[in-house]
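Structural overview for review
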Amino acid sequence: MAIFSSIGQFSGRYNIQVQSESEGITQVKDRLCSGTLADIGVVFGYELNPEWDVFLEAMYQFSINESLTNTLGVASSDPVIDMTGSMIQLGTALRL
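First, a word on what this report is: a plain description of the structure on this page.

**Thoughts on the overall build of the protein chain**
When you go through the protein chain residue by residue, the secondary structure sums to zero helices and four strands. Counted from the first residue to the last, the protein chain has its helices and strands arranged as β-β-β-β. Overall size of the protein chain, expressed as C-alpha extent along the three principal axes, is 60 × 30 × 20 Å. Taking all 96 residues of the protein chain together, 23% fall into the buried category. Roughly 7100 Å² of accessible area belongs to the protein chain as shown, and the carbon and sulfur atoms make up 57% of that amount. In the protein chain, 4 positive and 11 negative side-chain charges are present, and the distance between their average locations comes to 10 Å.

**Points about the packing of aromatic side chains**
Per the stated rule, a full pass over the model turns up one aromatic pair. Where Tyr-60 meets Phe-62, the ring centres are 4.8 Å apart and the plane angle is 70 degrees; that geometry is what we call edge-to-face. On the accessibility criterion, Tyr-60 (34% relative accessible area) is partly exposed. The partly exposed category is assigned to Phe-62, whose relative accessible area is 39%.

**Things to note about the side chain of Asp-39**
Examined against the element boundaries, Asp-39 turns out to sit in strand 2 (residues 24–49). Among buried Asp, Glu, Lys and Arg side chains, Asp-39 stands out as unpaired, with Arg-95 the closest opposite charge at 21 Å. Among the polar contacts made by the side chain of Asp-39, one reaches the side chain of Ser-6 at a distance of 2.8 Å. The residues touching Asp-39, leaving out its near neighbours within four places in the chain, are Phe-4, Ser-5, Ser-6, Met-59, Tyr-60 and Gln-61.

**So, unusual backbone geometry**
For Asn-65, which is not a glycine, the phi torsion comes out positive at approximately 55 degrees. Within the secondary structure layout, Asn-65 lies in strand 3 (residues 52–69).

**Some thoughts on the sheet that holds strand 2**
Judged by pairing direction, the sheet is antiparallel, and its four strands sit side by side in the order 1-2-3-4 without closing on themselves. Two strands in the sheet have a free side with no partner beyond their single neighbour: strand 1 (2–20) and strand 4 (85–94). Going from strand to strand, the sheet's axes swing by 30 degrees on average, the running direction of each strand aside. Across 16 bridges, strand 2 lies against strand 3 in antiparallel orientation. Within strand 3, the residue paired with Ala-38 across the bridge is Phe-62.

About the thresholds
Residues numbered from 1 in each chain as written. Predicted model: local features only at pLDDT ≥ 70, side-chain atom pairs only at ≥ 80, totals over all residues. Heavy atoms only, no water. Helix = DSSP H or I, 4+ residues; strand = E, 2+ residues; numbered from the N terminus. Buried < 20%, exposed > 50% of the residue type's maximum accessible area, 1.4 Å probe, protein only. Areas by Shrake-Rupley, 256 points an atom, 1.4 Å probe, with all protein chains shown as cover. Lys, Arg positive; Asp, Glu negative; His and termini not counted. Charge placed at Lys NZ, Arg CZ, Asp CG, Glu CD. Phe/Tyr/Trp six-rings, centres within 6.5 Å; stacked < 30°, edge-to-face > 60°. Salt bridge = Lys/Arg side-chain N within 4 Å of Asp/Glu carboxyl O. Polar contact = N/O pair within 3.5 Å; in protein donor to acceptor, adjacent residues only side chain to side chain. Contact = heavy atoms within 4.5 Å. Pairing = 2+ DSSP bridges. Axes fitted to C-alpha atoms, helices over the stretch in contact; angles between N-to-C directions.

Here is the structure:
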């Protein structure tokens, strides 16, 4: 069993398209997003033999201080992307 946590910053770019069936794409906007991510989680692992492990991981991620700007750096009124959420993962690892 292992407990982990991390914190870091993210940045990215995304494209907003406004479209309709009758008019097609009527508006295209580029936006830059940034913020801070923090997560905490736990991993339960079991070694089946020296070459083969299985694990179960559960994690919760917080997204804080998100900002959204246009390409000139001016704050945008478009909705900010929130990356808060949880994850459960079941996996296996083989050592070759």
